[in-house]
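# Observations on the model geometry
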Amino acid sequence: MPVAYGDPLYLWKEDLTCGYSKFVQAAQQSHGQLVFVLFCRDKDAQGQNWCPDCVIAEPIVRSELNSLPNGAVFIYCQIGDQAYWKDPNNEFRKNLKLTAVPTVLKYGTPQKLVEEECLNRELVHMLFTRLSFFFFSQSFI
């Protein structure tokens, strides 16, 4: 269920999803809006993430959410357990070309931050605030 945050002049909403089909559904429901996505590995029953970089990246990304443009959508997507993620044929790898987690991307564009780039608050801020963010992940180089 989406949650709206921010003040009336700078409103954004958040969807929490688990798995590829739920992600696709959330993205389709946000058609026509600027969508940013944080992909992380699943959390366990105690809310702990088994990915150390995801544990560090999530609070950094969340600290910049108030920088999102008015009307933007932020999707926090858990990609599955470790066995699913390691499968080179999982939907995230095949359809979205994800190579690592955490990944923050501006949906529908090549603009993304991968792994340690997600740990850089300045890069996250730039991705969220610049409409023409021409930063290409090190994974492209």
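Residues numbered from 1 in each chain as written. Predicted model: local features only at pLDDT ≥ 70, side-chain atom pairs only at ≥ 80, totals over all residues. Heavy atoms only, no water.

## Details of the pairing of strand 4 (residues 73-78)
Put simply, the rule reads: Per-residue accessibility, obtained with a 1.4 Å probe over protein chains only, is compared with the maximum for each type, and a residue is labelled buried under 20%, exposed over 50%, and partly exposed between these values. Only DSSP runs of H or I with at least four residues qualify as helices, and only runs of E with at least two residues qualify as strands; both kinds are numbered from the N terminus onward. Following DSSP output, two strands are said to pair if at least two bridges run between them.
Most of strand 4 is tucked away, with six of its six residues classed as buried. Of the two faces of strand 4, the one lined by Val73, Ile75 and Cys77 and the one lined by Phe74, Tyr76 and Gln78 are each fully buried. The pairing of strand 2 (residues 12-18) with strand 4 spans six bridges and is parallel. Paired with Thr17 across the two strands is Cys77, which belongs to strand 4.

## Topic: unusual backbone geometry
A cis amide bond links Val101 with the next residue in sequence, Pro102, at an omega value of 0°. For Lys97, which is not glycine, the phi dihedral falls at a positive 60°. In this structure, Lys97 sits in the loop between helix 4 (91-96) and strand 5 (103-106). Residue Glu115 is not a glycine yet carries a positive backbone phi of 50°. Note on placement: Glu115 falls in the loop between strand 6 (112-114) and helix 5 (121-129).

## Considerations on the pattern of salt bridges
Condition: Each reported salt bridge corresponds to a side-chain nitrogen of Lys or Arg within 4 Å of a carboxyl oxygen of Asp or Glu.
In total, this model carries three salt bridges according to the counting rule given. A salt bridge links Lys43 to Glu58, with the shortest nitrogen-to-oxygen separation between them at 3.0 Å. Here Glu58 lies in helix 2 (residues 52-63) and Lys43 lies in the loop between strand 3 (35-40) and helix 2, a separation of 15 residues in the sequence. Counted as one network, the salt bridges with shared partners bring together Glu14, Lys43, Glu58 and Arg62.

## Quick notes on the packing of aromatic side chains
This is how the line gets drawn: Aromatic contacts are taken between Phe, Tyr and Trp rings whose centres are within 6.5 Å, Trp giving its six-membered ring; a plane angle under 30 degrees counts as stacked, one over 60 as edge-to-face, and the others as tilted.
Inspection of the entire model under this criterion finds seven aromatic pairs. Here the aromatic rings of Phe39 and Phe92 are separated by 5.7 Å at their centres, their planes lie at 70°, and the arrangement is edge-to-face. Taken together, the positions of Phe39 in strand 3 and Phe92 in helix 4 put the pair 53 residues apart, joining distant regions of the chain. Each member of the pair, Phe39 as well as Phe92, carries the same accessibility label: buried.

## Focus: the nonpolar core
To keep things clear, this is the line we draw: Nine residue types can take part in a nonpolar core, namely buried Ala, Val, Leu, Ile, Met, Phe, Trp, Tyr and Cys, and a core is a set of them joined through side-chain atoms within 4.5 Å. Residue contacts are counted whenever heavy atoms from the two residues lie within 4.5 Å of one another.
One finds Phe23, Phe39, Phe74 and Phe92 to be the most contacted residues of the largest nonpolar core, which totals 38 residues. Counting residues per element, the ones that place at least two in this core are helix 1 (20-29), strand 3, helix 2, strand 4, helix 4, strand 5 and helix 5. At six residues, strand 3 tops the list of elements feeding residues into this core. Other than its neighbours up to four places away in sequence, Phe23 contacts Thr17, Val37, Phe39, Ile75, Cys77, Phe92, Leu96 and Tyr107.

## Structural notes on the side chain of Glu14
Let me state the cut-off plainly: Whenever a nitrogen or oxygen atom comes within 3.5 Å of another N or O atom, the pair is scored as a polar contact, on the condition that within protein one atom can donate a hydrogen and the other can accept it, and that pairs from neighbouring residues in sequence are kept only if both atoms are in side chains.
With respect to the helices, strands and loops of the structure, Glu14 is situated in strand 2. The class of Glu14 is buried, set by a relative accessible area of 5%. Separated by 2.8 Å, the side chains of Glu14 and Arg62 make a polar contact.

## Section: the pairing of strand 3
We count it as follows: By convention a crossover is right-handed if, when the strands point away from the viewer, the path from the first strand over the helix to the second runs clockwise.
With six of its six residues buried, strand 3 lies for the most part within the structure. Of the two faces of strand 3, the one carrying Val35, Val37 and Phe39 and the one carrying Phe36, Leu38 and Cys40 are both buried. In this view, the connection linking strand 3 to its parallel neighbour strand 4 by way of helix 2 has right-handed handedness.

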